[in-house]
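# Topology and contacts: notes
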Amino acid sequence: MLADTIAAVATPPGEGGIGIVRLSGSEAVAIASKIFQPRRGPDFAASRSHTLRLGVIVDPATGETVDEVLACIMRAPRSYTAEDVVEINCHGGPLAVARVLQLALRHGARLAEPGEFTRRAFLNGRLDLAQAEAVLDVIRARSSQGLAAAVGQLQGKLSQKITEINDLLTGVLAAIEASLDFPEEVGEVSAGELDKLRQAREEVKKLLATWEEGRLLNEGLKIAIVGRPNVGKSSLLNALLRQERAIVSQIPGTTRDTIEETLLLGGFACRLIDTAGLRETADTLESIGVARTRQAVKEADLVLMVVDLSTGILPEDERILEEVAGKTLIVVGNKVDLVGEKKTGLAAFAGLYPRVAISAREGRGLDELAQRVKEIVLGGKAVRRRGDPLLTRARHRDALEKCLEHLNAAIAAWEEGIPGDLIAIDLWAARDFLGEITGATAREDLLDRIFSDFCIGK
Ligand code: GDP
Ligand code: ZN
């Protein structure tokens, strides 16, 4: 229910410059007023909206001062949730923040569930569902391109496009229903309405065509590093990590000892898997290692096939290349530092595949490798102009595909002269699937699933 007031810590756990306790709901100001005393000026409840007040948090039960803070009221509807919101900026120690939260809970607030602030923003019409999901994507963005896409979606670019398509369908439905209800006055539905349907279908197809790029931005590009032992696969991974260390260290969940690492290559978040690592960790179960390597290759968007330029191409390299042929592939000639400008056979081996000579040891050629990756990600995907909306979530893609099915059925029926009331059924269904994206027709369980992905406090 929406009437109660929720509270949570909105900043990450641990020590920081500040820690924020956030309250939202009709009692937010009243609850905060019980525990916050402004240093000077009017009572807290009489504060101007969106204005920081300096003061202290005091436990009313003991009179003890818990922390010196800055507190701010953001009055409905001009707040994140469109309810009254109070944010209390504490000193960033975990204890101060926890005690302020505890006081808020003791004085009438309820601990927020994961994503509940954003869910309220959605339920109160501040954000639609695609925008609410974009909040999470902005938080989790791992590359500048991914961030730009998420921010665009948060600003409503995808929602706007969906609404445009929806409006086309609504117009056609209105025309069909008018002709069904008042056949005398309105007559047949004009051919122009069919054109509108076709236009809507084109727009849906255009959006669907952005999925591949959007998925890469959201999930990251999966890259498998393959090659025979000692060509330098692990060294390559480490060299790339060294180069990106500053960025990588900010990504939670990456640890030094995994064989999968996330890093930026050519501006794209990439998940690199050292397939030799797979084998090395399964020494006694060599066959499992091989099976896992095959699986990693199968799932990869891109394979880096590493060869050792100092030994030259060996039969085993040929054999591995055969195995990964058909994948999107870059041939990486490593240890160029040992061979200088000598002829290496790399070009003949790589054939039509893009190739790059590097030295993992000296860090040479890594920029060129990143450039090749970028070309491959962007290659042949010029369907989208910069800033146009794109699909980054499987949920959106699935809904649009269903929408497309119904549009195809409606258009085919129309072309065959099938009566309007049957066409209308497909159009209603198509609209429902559009509504799933923006949340207009989303069911409760879908909302639960989406918002449970969020952390508490967001
Ligand atoms: P992997 O088995 O393919 O993972 O290969 P490693 O990364 O473990 O490297 C095998 C050996 O090659 C190690 O002794 C590395 O120091 C060496 N090595 C890796 N990259 C280079 C390089 O660019 N130049 C030189 N000279 N040696 C390298
Ligand atoms: Zn290795």
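It should be emphasised that the depicted structure is a prediction, and the values quoted were computed from it without experimental measurement.

Turning our attention to the overall build of the chain. Tallying secondary structure elements over the chain gives 20 helices and 13 strands in all. Relative to a compact globule of 458 residues, whose C-alpha radius of gyration would be 23 Å, the chain shows 28 Å and is clearly more extended. Principal axes of the C-alpha set define a box for the chain whose edges measure 80 × 80 × 40 Å. Taken across its 458 residues, the chain has 47% of its residues classed as buried. The contacts in the chain between residues at least 6 apart in sequence include a share of 68% that link residues at least 24 apart.

Okay, the domain arrangement of the chain next. The domains assigned to the chain are domain 1 (6-112), domain 2 (144-210 + 389-452) and domain 3 (227-244 + 272-378). For domain 2 versus domain 3, the distance between C-alpha centres works out to 45 Å.

When the UniProt feature table is mapped onto this chain, "binding site: (6S)-5-formyl-5,6,7,8-tetrahydrofolate" (unreviewed entry) is found at R22, E87, R126 and K458. Along the chain, the position of E87 falls in strand β6 (residues 85-91). Residue classification places E87 among the buried residues on the basis of a relative accessible area of 18%. Leave out the neighbours within four places in its chain, and E87 touches I20, V21, R22, L70, A71, C72 and M74. A distance of 3.2 Å separates the side chain of E87 from the side chain of R22, its partner in a polar contact. Within the secondary structure layout, K458 lies in the segment after α20 (444-452).

On to the pairing of strand β8 (residues 221-226). Within β8, five of the six residues are buried, leaving the element largely enclosed by the surrounding structure. Direction of pairing for β8 relative to strand β10 (residues 268-274): parallel, over a ladder of five bridges. Residue pairing in the sheet places I225 in a bridge with D274 of β10. Pairing geometry for β8 and strand β11 (residues 302-308), over four bridges, is parallel. Counted as the bridge partner of I225 is L304 from β11.

All right, on to the state of the cysteines then. Tallying each qualifying case throughout the model produces zero disulfides. Here C90 is not cross-linked by a disulfide; its sulfur's nearest cysteine counterpart is in C72, at 13 Å.

What follows covers the pattern of salt bridges. Taken as a whole and assessed by the stated rule, the structure comprises 31 salt bridges. Residue R110 is joined to D4 by a salt bridge in which the shortest nitrogen-to-oxygen separation is 2.6 Å. Of this pair, R110 sits in strand β7 (residues 110-111) while D4 sits in the segment before β1 (6-9), and the two are 106 residues apart along the sequence. For R110, a relative accessible area of 27% translates into the label partly exposed. The residue E368 makes a salt bridge to R372 at a minimum N-O spacing of 3.1 Å. In this pair, E368 and R372 both sit in helix α17 (residues 366-378), four residues apart, roughly one turn of the helix. E368 gets classed as partly exposed once you look at its relative accessible area, which sits at 36%.

Attention shifts here to the site of ligand 1. Around ligand 1 there are 15 residues in total, and N230, K233, S234, S235 and D337 lie nearest to it. For ligand 1, an oxygen atom lies 3.0 Å from a polar atom in the side chain of K335. Take S359: an N or O atom from its side chain is 3.2 Å from an oxygen atom of ligand 1. Per element, the largest residue contribution to the shell around ligand 1 is three residues, and it comes from helix α10 (residues 233-243).

So, about the packing of helix α8 (residues 191-208) against helix α18 (residues 394-415). The contact between α8 and α18 brings their axes to 10 Å, and the two run at 155 degrees. Compared by their axis directions, α8 and α18 come out roughly antiparallel. Every pair of crossing elements has a handedness; the one defined by α8 and α18 is left-handed. Taken together, the residues of α18 that come into contact with α8 (itself represented by E193, L194, L197, R198, A200, R201, V204, K205, L207 and L208) are R397, L400, E401, C403, L404, L407, N408, A410, I411, W414 and E415. Across the contact of α8 with α18, the residue classes break down as 13 nonpolar, one polar and seven charged.

In this section: α20. Buried within α20 are the following residues: L446, L447, I450 and F451. When α20 is viewed along its axis, its buried side chains cluster within an angular range of 120 degrees and face the same direction. What points out from α20, more than 90 degrees from its buried face, is the exposed set E444 and R449. Looking at the buried positions of α20, the neighbouring elements they touch are α3 (116-123), α4 (129-140), α18 and α19 (420-438).

Below, the discussion takes up the sheet that holds strand β5 (residues 65-74). As summarised here, the arrangement of the seven strands in space is β3-β4-β5-β6-β2-β1-β7, forming an open sheet in which the pairing is mixed. Two strands in the sheet have a free side with no partner beyond their single neighbour: β3 (36-38) and β7. Its contacts with the sheet place helix α2 (residues 94-106) against β1, β2 (18-24), β4 (51-58), β5, β6 and β7, and it is angled at close to 175 degrees to β1. Taken strand by strand, α3 contacts β1, β2 and β7, and its axis lies near 135 degrees from that of β1.

Conventions adopted
Per chain, residue numbering runs from 1 following the sequence as it is written. Naming scheme: in the order in which they are written, chains are lettered from A and ligands are numbered from 1. Local features in this predicted model are restricted to residues of pLDDT 70 or higher, and side-chain atom pairs are both shown and tallied only at a pLDDT of 80 or more, whereas totals for entire chains, interfaces and linings draw on every residue. Think of the side-chain values as coming from all heavy atoms in the structure, minus any hydrogens and water. Working definition: helices are DSSP H or I runs of at least four residues, strands are E runs of at least two. Numbering for both runs from the N terminus. With the radius of gyration taken over C-alpha atoms, the globule rule is written as 2.2 Å times the number of residues to the power 0.38. Type-normalised accessible area, obtained with a 1.4 Å probe on protein chains alone, sets the label of each residue: buried when under 20%, exposed when over 50%, and partly exposed for intermediate values. Note on contacts: a residue pair qualifies if any of its non-hydrogen atoms lie within 4.5 Å across the two residues. An automatic or database domain assignment supplies the residue ranges for each domain. UniProt positions are given in the numbering used here, feature names are shortened, and annotations may be inferred rather than shown by experiment. Counted as a polar contact is a pair of N or O atoms within 3.5 Å, where, for protein atoms, one must be capable of donating a hydrogen and the other of accepting one, and residues adjacent in sequence contribute only when both atoms are in side chains. For two strands to pair, DSSP has to find at least two bridges joining them. Disulfide assignment relies on a single distance test, namely cysteine sulfur atoms paired within 2.5 Å. Within this document, salt bridges are pairs made up of a side-chain nitrogen of Lys or Arg and a carboxyl oxygen of Asp or Glu, the two lying within 4 Å of each other. The criterion for a residue being near a molecule or strand is simple. One of its heavy atoms has to lie within 4 Å of it. For every element, the axis is a line fit to its C-alpha atoms; helices are fit only across the contacting stretch, and the angle between N-to-C directions ranges from 0 to 180 degrees. Here the word oblique covers every angle except those under 35 degrees (roughly parallel), over 145 (roughly antiparallel) and from 65 to 115 (roughly perpendicular). Handedness of a crossing is defined here by the sense of rotation of the near helix relative to the far one, left-handed for an anticlockwise turn of less than a right angle and right-handed for a clockwise turn. Residue classes follow a fixed rule: Ala, Val, Leu, Ile, Met, Phe, Trp, Tyr, Cys and Pro count as nonpolar, while Asp, Glu, Lys and Arg count as charged, and any other residue, Gly among them, counts as polar. What the arc covers is the set of directions going from the helix axis to the C-beta atoms.

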